[in-house]
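Structure at a glance
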Amino acid sequence: MRILADENMPAVARLFADVATEIRTVPGRTLTPEQLAAVDVLLVRSVTRVDAALLAQASQLRFVGTATIGTDHIDQPLLQQRQIAFASAPGCNAAGVVDYVLGALLAQYADNPAALAQARVAVVGAGNVGGRLTTRLRALGLAVMVCDPPREQACLPDQDGVSEPCFVSLQEAFTADIVCCHTPYTRAGDWPTHHMISADLLQQLPLRALFLNAGRGGVVSSAALLAATRARPDLRLVLDVWDPEPDLPLALLERAVMGTGHIAGYSAEGRVRGTLMLRQALAEKLDLPPPELKVQDLLPPVPPLRLDSDAAGAEQPVAQAWQLLQQAVLQVCDPLGDDARFRAALHAVPAARRGQAFDQYRKTYAAERDRRELASVPVERAGLSATAADLLHRAGFAVHS
Ligand SMILES: NC(=O)c1ccc[n+]([C@@H]2O[C@H](COP(=O)([O-])OP(=O)(O)OC[C@H]3O[C@@H](n4cnc5c(N)ncnc54)[C@H](O)[C@@H]3O)[C@@H](O)[C@H]2O)c1
Ligand SMILES: O=C(O)[C@H](O)[C@H](O)COP(=O)(O)O
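Procedures and definitions
- Within every chain, residues take consecutive numbers counted from 1 along the sequence as written.
- To read the labels, note that chains go from A and ligands from 1, taken in the order they are written.
- Reporting of local features is limited, given that this is a predicted model, to residues whose pLDDT is at least 70; pairs of side-chain atoms are given and counted only at 80 or more, and all residues count toward the totals for whole chains, interfaces and linings.
- Excluded from the side-chain calculation are hydrogens and water; included are all heavy atoms of the structure.
- UniProt positions are given in the numbering used here, feature names are shortened, and annotations may be inferred rather than shown by experiment.
- Under the scheme used here, helices are H or I runs from DSSP no shorter than 4 residues and strands are E runs no shorter than 2 residues, and both carry numbers assigned from the N terminus.
- Only protein chains enter the accessibility calculation, which uses a 1.4 Å probe. A residue is then buried if its area is under 20% of the maximum for its type, exposed if over 50%, and partly exposed in between.
- A contact between two residues is defined here by any heavy atoms of the two lying within 4.5 Å.
- Only the protein chains shown count as cover for residues, and the accessible areas themselves come from Shrake-Rupley with a 1.4 Å probe.
- Neither His nor the chain termini are counted; the positive set is Lys and Arg, and the negative set is Asp and Glu.
- The atom standing in for a charge is NZ when the residue is Lys, CZ when it is Arg, CG when it is Asp and CD when it is Glu.
- The near set for a molecule or strand comprises every residue that places at least one heavy atom within 4 Å of it.
- Polar contacts here mean pairs of N or O atoms no more than 3.5 Å apart (in protein, one a potential hydrogen donor and the other a potential acceptor; neighbouring residues in sequence count only if both atoms are side-chain atoms).
- Under the scheme applied, nonpolar residues are Ala, Val, Leu, Ile, Met, Phe, Trp, Tyr, Cys and Pro; charged residues are Asp, Glu, Lys and Arg; polar residues are all the others, including Gly.
- Paired strands are those between which DSSP finds at least two bridges.
- Between N-to-C directions, angles span 0 to 180 degrees; the directions come from axes that are lines fitted to C-alpha atoms, helices contributing only their stretch in contact.
- Left-handed describes a crossing whose near helix is turned anticlockwise from the far helix through less than a right angle; right-handed describes the clockwise counterpart.
- Here a pair means two rings of Phe, Tyr or Trp (six-membered ring of Trp) with centres within 6.5 Å. Their orientation is stacked below 30 degrees between planes, edge-to-face above 60, and tilted elsewhere.
- Grid spacing is 1 Å over the protein atoms alone, the probe is 1.4 Å, and a cavity is where that probe fits but cannot get out, while a pocket is an open set with protein on both sides within 12 Å along at least five of seven lines and lining residues have an atom within 4 Å of a point.
- Grid points are joined across faces, edges and corners, and a volume is the space filled by probe spheres set on the points.
- Each reported salt bridge corresponds to a side-chain nitrogen of Lys or Arg within 4 Å of a carboxyl oxygen of Asp or Glu.

Going by what an unreviewed UniProt entry lists, the protein chain is known as Erythronate-4-phosphate dehydrogenase and is assigned to Natronospirillum operosum. Regarding the protein chain, the UniProt comment filed under Subcellular location (unreviewed entry) reads as follows: "Cytoplasm". Listed in UniProt under the heading Sequence similarities (unreviewed entry), the comment for the protein chain reads: "Belongs to the D-isomer specific 2-hydroxyacid dehydrogenase family. PdxB subfamily."

Shown next, in the form of structure tokens:
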């Protein structure tokens with residue numbers, strides 16, 4: 001079986017060696033129809049548009065897998081029509097996105113992280129990512145409302161089987177202090193998300209409200225974000241995804257209080273889990289042996305986190321606990337550092353090479369940053385107050401006594 005994979009897909013060789021006669025890795029953004037001529041299995045990431053043009057010479061193709069949550073780059077009806085099996089990796093990097101959001105919010109509440117607990121949050125799109133985010137923020141005591149009309153209409157419970165008690169409209173969501181957007185990018189259906197969030201809607205946000213998008217850039221146009229922040233300079237934008245990518249307008253990055261290059265889900269676990277899920281799906285669809293390795297076999301163990309509880313001050317147990325949480329989350333997942341590296345990378349090149357710089361930033365991030373999920377990071381309980389240990393546990397850390 002001949003496998004062609006995106007060069008940025010981790011652990012492909014280890015996971016697919018037993019079922020492949022050949023594994024070739026190539027840059028996903030510039031994949032050509034000729035490269036697919038004698039290929040049985042194609043493994044892509046979000047930067048490869050899998051459509052009729054790309055598959056023009058893929059007469060041998062039996063399976064397409066994308067190691068991503070989003071599937072807007074795949075022509076699924078075409079694959080069905082050509083009887084090519086398809087799999088994505090739903091939920092693979094959802095925990096990583098939640099860690100990123102938590103890090104971004106704690107960084108924005110730098111002076112007084114405990115004040116975050118008082119913020120009213122709206123999560124728009126409450127699937128694998130938004131559902132987990134809602135659960136995590138509520139566990140930390142935040143009031144969270146949820147805007148997800150498809151889920152509301154279908155009376156769908158979240159990933160833990162819980163029915164959402166706080167569904168709101170999109171209009172109402174934009175009365176929150178923090179709006180986190182985690183919808184897919186869709187152009188059809190009853191609730192298409194293409195440019196769903198308008199400049200008018202953004203301008204209805206309360207004073208100094210924060211809008212965070214870690215779903216897909218196309219859900220809100222750059223023009224809308226620029227218009228809204230021009231009219232309302234108090235609004236805070238945290239953007240991980242852009243319209244368009246990779247050639248985003250630098251003017252928008254300049255307006256954002258935090259900007260990163262589509263890396264919210266780039267935890268080491270999330271990326272490896274994506275590849276592993278494709279290996280599992282290939283086994284199921286083509287009746288092959290299942291993979292023998294698990295996520296933990298493919299990653300090194302994580303050393304315990306070192307926290308400086310003195311630096312956090314002991315005067316107020318709750319305030320201290322939030323300061324320790326901020327310290328802990330930002331050590332593991334550092335959106336401020338990611339933001340600084342992103343701006344530096346895009347400013348270092350002329351406009352014509354910005355798209356390449358965007359891709360290079362993501363590649364380097366994935367290869368070198370080694371960001372682990374909070375759930376994999378051990379925290380020693382000794383030396384922590386009961387309040388701090390409990391808060392760190394509720395934030396998702398593996399707190400050990
Ligand atoms: N920035 C990143 O690194 C990153 C990482 C992972 C996923 N993503 C993006 O985030 C998206 C969401 O991921 P997920 O795993 O939670 O997907 P999911 O399919 O599990 O959940 C999406 C949710 O959005 C809801 N939704 C659809 N249309 C909506 C609308 N018009 N208004 C409100 N809600 C709507 C759906 O009902 C569903 O509950 C993905 O499609 C992907 O594009 C980005
Ligand atoms: O849809 C997803 O899973 C995410 O957007 C993912 O982080 C995309 O990463 P990429 O495939 O572009 O490396």
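Now that the structure has been shown, we can carry on.
**Regarding the overall build of the protein chain**
Within the protein chain one finds 14 helices and 13 strands. Dimensions of the protein chain, computed from C-alpha atoms along their principal axes, come out at roughly 65 × 50 × 50 Å. Residue burial in the protein chain is summarised as follows: out of 401 residues, 53% are buried. Contacts in the protein chain between residues far apart in sequence, at least 24 positions, make up 64% of those at least 6 positions apart. Carbon and sulfur atoms make up 51% of the accessible area of the protein chain, which totals about 17000 Å². Of the charged side chains in the protein chain, 37 are positive and 43 negative; the average position of the first set lies 2 Å away from that of the second.

**Section: the site of ligand 1**
Inspection of the region around ligand 1 gives 28 residues, with Ile-69, Asn-128, Val-129, Asp-148 and Asp-240 positioned closest. A distance of 3.2 Å separates an oxygen atom of ligand 1 from a polar side-chain atom of Arg-216. In this structure, Asp-240 approaches ligand 1 through a side-chain N or O atom, which is 2.9 Å from a nitrogen atom. For the shell around ligand 1, the secondary structure elements donating two or more residues are α4 (128-139) and α5 (149-154). The element that contributes the greatest number of residues to the shell around ligand 1 is α5, accounting for three residues. For the shell around ligand 1, the residue count by class is 13 nonpolar, 11 polar and four charged.

**Observations regarding the UniProt feature "domain: D-isomer specific 2-hydroxyacid dehydrogenase NAD-binding" (unreviewed entry) in the protein chain**
Look at the UniProt record and you will see "domain: D-isomer specific 2-hydroxyacid dehydrogenase NAD-binding" (unreviewed entry) annotated at residues 115-264. Along residues 115-264 the backbone is 29% helical and 16% strand, and the end-to-end C-alpha distance reaches 23 Å.

**Some remarks on the site of ligand 2**
Around ligand 2, the surrounding shell consists of Arg-45, Ser-46, Thr-68, Ile-69, Gly-70, Asn-93, Arg-216, His-262, Tyr-266 and Arg-362. Within the backbone of Ile-69, an N or O atom sits 2.5 Å from an oxygen atom of ligand 2. The contact in question runs from an oxygen atom of ligand 2 to an N or O atom on the side chain of Arg-362, over 2.9 Å. Out of a free accessible area of 350 Å², ligand 2 has 94% covered by protein chains. In the shell around ligand 2, the residues fall into two nonpolar, five polar and three charged.

**Details of the sheet that holds strand β4 (residues 63-66)**
Taking strand neighbours across the sheet as the criterion, the five strands line up as β2-β1-β3-β4-β5 in an open arrangement whose pairing is parallel. Taken across any chain shown, the strands that pair with only one partner, and hence form the sheet edges, are β2 (22-26) and β5 (85-87). When the angles between neighbouring strand axes are averaged without regard to direction, this sheet yields 15°. Two strands pair when backbone bridges link them, and β4 and β5 are joined in this way by three bridges, in the parallel orientation.

**Details of the packing of helix α12 (residues 335-347) against helix α13 (residues 354-368)**
Between α12 and α13, the least distance of the axes is 9 Å, while the angle of their chain directions is 145°. As for how α12 packs across α13, the hand of that crossing is right-handed. Contacts from Asp-338, Arg-341, Phe-342, Ala-345 and Leu-346 of α12 reach α13 at Arg-354, Ala-357, Phe-358, Tyr-361 and Tyr-365. Of the residues belonging to the contact of α12 with α13, the class tally is seven nonpolar, no polar and three charged.

**Quick look at the packing of aromatic side chains**
All chains considered together, the criterion is met by six aromatic pairs. Seen from their ring centres, Tyr-266 and Tyr-365 are 6.2 Å apart, and the 45° between their planes marks the pair as tilted. Residue Tyr-266 is located in the loop between β11 (258-259) and α10 (268-286), and its partner Tyr-365 is located in helix α13; the two are separated by 99 residues in the primary sequence. By relative accessible area, which is 5% here, Tyr-365 ends up buried.

**As for empty space enclosed by the protein**
Per the stated rule, a full pass over the model turns up one cavity of 30 Å³ or more. Of the voids in this model, the largest cavity is the one considered here, and its volume is about 30 Å³. For the largest cavity, the full set of lining residues is Asn-213, Gly-217, Val-220, Leu-225, Leu-239, Val-241, Trp-242, Asp-243 and Leu-252.

**Regarding the pattern of salt bridges**
Within the structure shown, the criterion is met by 14 salt bridges. In this structure, Glu-373 and Arg-273 form a salt bridge, with 3.1 Å as the shortest nitrogen-oxygen distance. A residue pair is termed long-range when its members are at least 10 positions apart, and Glu-373 in the loop between α13 and β12 (378-380) and Arg-273 in helix α10 qualify at 100 residues. The exposure class assigned to Glu-373 is buried, which follows from its relative accessible area of 5%. Of the charged contacts in the structure, one is a salt bridge between Arg-394 and Asp-390, with a shortest N-O distance of 2.9 Å. A residue pair is termed a helical-turn pair when its members lie 3 or 4 positions apart in one helix, as Arg-394 and Asp-390 do in helix α14 (residues 386-395) at four residues.

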